[in-house]
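# Architecture and fold: a report
The residues making up each chain are set out below.
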Amino acid sequence: MKLLFLGGNRFFGKKIIFELSKNYKNKIYLINRSNKKNIKKKNIYLIRSDRNDFNLIKKKIGNIKFDFIIDNIAYNEQDVKNIFFNFKSNFKHYIFTSTVMTYLDESLTKVCNENTKKKNQSIEKLKKVYKKEEIKYALDKLKAENFLIKNKKNFTILRLHNVIGVNDFSKKSLKLLNFNNSKFINKNSHKLIQFIYDQDLIFIFKKLIKNLKKDRKYIYNVANDPISVKDFYNIRNKYGKKNLFKNEAFPLPLNNLINNHKIKKKIKNEFYKFKKNY
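The text that follows walks through the structure, step by step, so that each part is easy to find. (Residues numbered from 1 in each chain as written. Predicted model: local features only at pLDDT ≥ 70, side-chain atom pairs only at ≥ 80, totals over all residues. Heavy atoms only, no water.)

## A few points about the pattern of salt bridges
This structure, assessed with the given rule, holds eight salt bridges. One salt bridge connects Asp198 with Lys15, and the closest N-O pair in it is separated by 2.4 Å. With Asp198 in helix 8 (residues 198-211) and Lys15 in helix 1 (residues 11-21), this pair connects stretches of sequence that are 183 residues apart. Note that Asp140 and Lys136 form a salt bridge whose closest N and O atoms lie 2.7 Å from each other. In this pair, Asp140 and Lys136 are both assigned in helix 5 (residues 132-150), four residues apart and thus about one turn of the helix distant. Accessibility expressed as a relative area gives 16% for Asp140, which makes it buried. Connected through shared salt-bridge partners, Glu19, Lys22 and Lys206 make up one network. (Salt bridge = Lys/Arg side-chain N within 4 Å of Asp/Glu carboxyl O. Helix = DSSP H or I, 4+ residues; strand = E, 2+ residues; numbered from the N terminus. Buried < 20%, exposed > 50% of the residue type's maximum accessible area, 1.4 Å probe, protein only.)

## Points about the pairing of strand 4 (residues 66-71)
Most of strand 4 sits out of view: six of its six residues are buried. Alignment of strand 1 (residues 2-6) against strand 4, held across four bridges, turns out to be parallel. Among the inter-strand pairings, Phe5 is bridged to a residue of strand 4, identified as Ile70. In this fold, the crossover linking strand 4 to strand 5 (residues 91-99) by way of helix 3 (residues 77-87) has right-handed handedness. (Pairing = 2+ DSSP bridges. Right-handed = clockwise from strand over helix to strand, strands pointing away.)

Structure follows, in structure tokens:
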């Protein structure tokens, strides 16, 4: 199987590539501006290039036909259009990592599924809740999604929640784990938070690559079960920061709901109520 990766040289992208490279039948082509290949495997080929320098990319790749293009660094509609225009018939299936931020004014304490109709966004209303750059990020991803949905090519959209794990260069994981403001925690104790462990995301990508029918279109919301702020920090304090990253992988969602996943049993039994989704 031939895979083309955009955005796979650090954090969860790097870990996904490492996992997929264990199958030596996979040939993985990684487009990255850095000349440093972080994973030294014979079946990983580094193409040093900007993602939009297609003359250089084509020169290095030639006419290879890819089973999958996995795009972790497409931030707007034009990024996606450039891939579709320049690769045309040279790939069977496109996997786009989006964000649940595309729901914006939907309450994340509610269950949003992949068929939830997104409301017209009131920018003035959103400014009261989100930062300017967050709104732009979400709306740009939403436009990219809409382009894919209207296009004839086959795709998978993965709407991710906050990804946390070891070696998170964005520092979100450390910020979440090191946060220790008891006044804030008590005040927001019943608020729900969601995230996705990088190890679970790796498992999902592995399942997708193996089981997806390339001639279909899929949309998945991806996150662990929601948990209250208070319970999350109780878990952190009881098991320690490092153990929070040693979760068991959960299966690919069998239905449309965002919170339909197993987590580490010892945590689930104490703090989580398993919901049956219909």
